[in-house]
Amino acid sequence: MRIRIERERCVGAGQCVRVAPAVFDQADDDGLVRLIEAAPQGPEAERARKAAQLCPAQVIHIEDQG
Amino acid sequence: MSAVAAAPRYPFARESPFDPPPQFARERARAPLFPVTLWNGARAWVVTRHAEARAILLDDARFSGRMAHPDFPTVTEARVTVDRNERAFVGMDNPEHDRYRRLFTREFSVRRMQALIPGMQALADDLIDDMIAAGPPADLVARLAVRYPSLVMSQLFGSPYEDHTFIIGCAVARHGLTQTPGEAETKARELAAYVRRLIDAKERAPGDDMVSRVIAEHVLTGRLSRDEFAEIGAMILRAGHDTTTNMIGMGALLILRDDALRARLAADPAQIEPAVEEFLRYVSPVQFSPRRVALEDVAIGGVTVKKGEGLFLSLPAANRDPRVFADPDTVDIGRDNSMHMTFGYGIHQCLGQMLARYELQVMFATLLRRLPGLRLAVPLEAIRFKNDMQIYGVHNLPVAW
Ligand code: HEM
Ligand code: SF4
């Protein structure tokens, strides 16, 4: 799995940090999403998928490699 | 469509205090949305299915959330006036919305909100101490549900707590279903003027609070004017009071009416967090927002929403959609309710949601720990539910211990 974020459309709602804190963070200066782990594995990958589903601005994109 | 004549008058009355009006489930079984007639005779749509509500809230190109739009739908005449005069980002479309919201996202980050938990804990303990000292019976709404979010907000804003009755009065004036346009607008102006005075005071004597930080970071650097900040501050104050208050009253009622749930939460505080999420889904206190207006004709679920028609994305309805939540009318703290829409969806999704979650978790955990014998002091029939408000909850909750 690879994660791509469109930071310029993030609204800082923090859903991603709430459900997948090992993958996402919010930057100290603007509260917008920051990717900590672009290729999470195992349970972290599942949490990242949940974050992508919940993100209210739909700016988290998951690319699965075959 | 012949439904034009038949479109029922909205809003509807509840039949059960715990469930949204029965029309939602009936209409949802037939279609994702149905037409209604508003107080002014305008035709609008109520969207009852979760998937369509989410899709519309993401479709900024075809649906506007601009409250000043002449066709923006409202459930009261008073709301038209305050919506037209809404100057904060809750009433803006992009790109303006994100530009303003982002000046505040840092203040509401998950980490910032976590740092407020010890302060919330102290406030919850103090309020419960006071309630215990005064002795039973007590009205949990007046004692805790109203005061606690207010104290949390006054810490966040660095505003004097004595001002809280005034602030609550301003929030309630917007969220009622019976105010005149003049009353609602007067309160909106008074609250913005109040925040403007707070900004001036903080500019002279900064503190360790949100208002002082935003002044230093955005006002003094020219990104945000003092008047814009006053409007946004007023909006945040309104948004942070009533909603959380009603969740505390309703959540406490859900715990106290169900001995098994109460025993489970008392025995295992780790269950508080999932319980709060389920209470949020089940209660859905915000009744008539989010709203949108169609910017062009849009075909959805077999009907055409015409350009200029309004839509209510009903959160209470979406949160009871059986396509997403099995057995939706049951409180089940073990279910996966992560898709609940209680904080809205899309770019306007609640900025204060983490604050609200932590406030609720701390309050319910503290209540159960401090008052194991807490019980309702009256039968359910003696509780007055807020059928007269745009934010649902209880007016009173008499308890004893
Ligand atoms: C349980 C408590 C709460 C609930 C159920 C709730 C619900 C909501 C909902 C449904 C919206 C979207 C409104 C729309 O789209 O028109 C919203 C927006 C908002 N809420 Fe909350 N809220 C709660 C608590 C709070 C708190 C504590 C704060 C602040 C301290 C807050 C601040 C805001 C702000 C600033 C917005 C506007 C966001 C935007 O337009 O970008 N809310 N809330
Ligand atoms: S959930 Fe989405 S909008 Fe919210 S902070 Fe994360 S990326 Fe940004």
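This write-up is about the structure you can find in this document. Since the structure is predicted, the reported quantities are computational estimates derived from the model, not experimental observations.

1. Some points on the interface of chain A and chain B
(1) Moving on: At the interface, 25 residues of chain A touch 23 residues of chain B.
(2) Moving on: The junction of chain A with chain B conceals about 1900 Å² of combined surface from both sides, 45% of it contributed by carbon and sulfur atoms.
(3) Moving on: For the chain A face of the interface with chain B, the top three residues by lost area are Val 11, Arg 18 and Pro 56 of chain A, together amounting to 30%.
(4) Moving on: Scanning the region where chain A abuts chain B turns up 3 salt bridges.
(5) Moving on: Arg 111 of chain B serves as the salt-bridge partner of Asp 28 of chain A, at 2.7 Å between the closest nitrogen and oxygen.

2. Some details on the sheet that holds strand 10 (residues 398-400) of chain B
All names here are of chain B.
(1) Moving on: Read from one edge to the other, the open sheet built from 3 strands follows the order 4-10-9, with strand pairing classed as antiparallel. The strands lining the two open edges of the sheet, one partner per strand, are strand 4 (138-139) and strand 9 (375-376).
(2) Moving on: Both strand 4 and strand 10 contribute to a ladder of 2 bridges, which runs antiparallel. Within strand 10, the residue paired with Ala 138 across the bridge is Val 399.

3. Observations concerning the layout of surface pockets
Regions of empty space are outlined by a rolling probe, equal in size to a water molecule, passed over the atoms.
(1) Moving on: In this structure, the largest pocket spans a volume of roughly 400 Å³.
(2) Moving on: Taken together, 17 residues make up the lining of the largest pocket; nearest its centre are Arg 18 and Val 19 of chain A together with Glu 273, Glu 277 and Ser 338 of chain B.
(3) Moving on: Listed by contribution, the elements that provide at least two residues to the lining of the largest pocket are helix 1 (15-19) and helix 2 (42-54) of chain A together with helix 6 (110-115), helix 15 (272-283) and helix 17 (353-370) of chain B.
(4) Moving on: Here the lining of the largest pocket is composed, by residue class, of 6 nonpolar, 4 polar and 7 charged.
(5) Moving on: Estimates place the volume of the second largest pocket at around 240 Å³.
(6) Moving on: Residue lining of the second largest pocket: 16 residues in total, with Phe 12, Ala 13, Arg 14, Phe 288 and Asn 387 of chain B positioned closest to the centre.

4. Remarks on the sheet that holds strand 5 (residues 291-294) of chain B
Residue and element names in this part refer to chain B.
(1) Moving on: If you walk across this open sheet you meet the 5 strands as 1-2-8-5-3, and the pairing is mixed. On the outer flanks of this sheet lie strand 1 (33-37) and strand 3 (63-64), each paired with one strand and no other.
(2) Moving on: The sheet strands contacting helix 3 (residues 50-58) are strand 2 (43-47), strand 3, strand 5 and strand 8 (310-313), and the helix crosses strand 8 at an angle near 125°.

5. With respect to the site of ligand 1
Residue and element names in this part refer to chain B.
(1) Moving on: The immediate surroundings of ligand 1 are formed by 29 residues, with Val 90, His 97, Arg 101, His 348 and Cys 350 found nearest.
(2) Moving on: Measuring from an oxygen atom of ligand 1, one finds a side-chain N or O atom of His 97 at 2.6 Å.
(3) Moving on: In the model, an oxygen atom of ligand 1 is placed 2.8 Å from a nitrogen or oxygen of the Arg 101 side chain.
(4) Moving on: Put simply, ligand 1 lies in the largest cavity.
(5) Moving on: At the level of secondary structure, the elements contributing two or more residues to the shell around ligand 1 comprise helix 5 (96-101), helix 13 (226-256) and helix 17.
(6) Moving on: Looking at which element gives the most residues to the shell around ligand 1, the answer is helix 13, with 7 residues.
(7) Moving on: Considered class by class, the residues forming the shell around ligand 1 number 19 nonpolar, 9 polar and 1 charged.

Calculation notes
- Residues numbered from 1 in each chain as written.
- Chains lettered and ligands numbered in written order.
- Predicted model: local features only at pLDDT ≥ 70, side-chain atom pairs only at ≥ 80, totals over all residues.
- Heavy atoms only, no water.
- Contact = heavy atoms within 4.5 Å.
- Buried area = accessible area lost by both parts, 1.4 Å probe.
- Salt bridge = Lys/Arg side-chain N within 4 Å of Asp/Glu carboxyl O.
- Pairing = 2+ DSSP bridges.
- Helix = DSSP H or I, 4+ residues; strand = E, 2+ residues; numbered from the N terminus.
- 1 Å grid on protein atoms, 1.4 Å probe; cavity = no way out; pocket = protein on both sides within 12 Å on 5 of 7 lines; lining within 4 Å.
- Points joined across faces, edges and corners; volume = space filled by probe spheres on them.
- Nonpolar A, V, L, I, M, F, W, Y, C, P; charged D, E, K, R; others polar.
- Axes fitted to C-alpha atoms, helices over the stretch in contact; angles between N-to-C directions.
- Near = heavy atom within 4 Å.
- Polar contact = N/O pair within 3.5 Å; in protein donor to acceptor, adjacent residues only side chain to side chain.
- Sits in = over half its atoms within 2 Å of the grid points.

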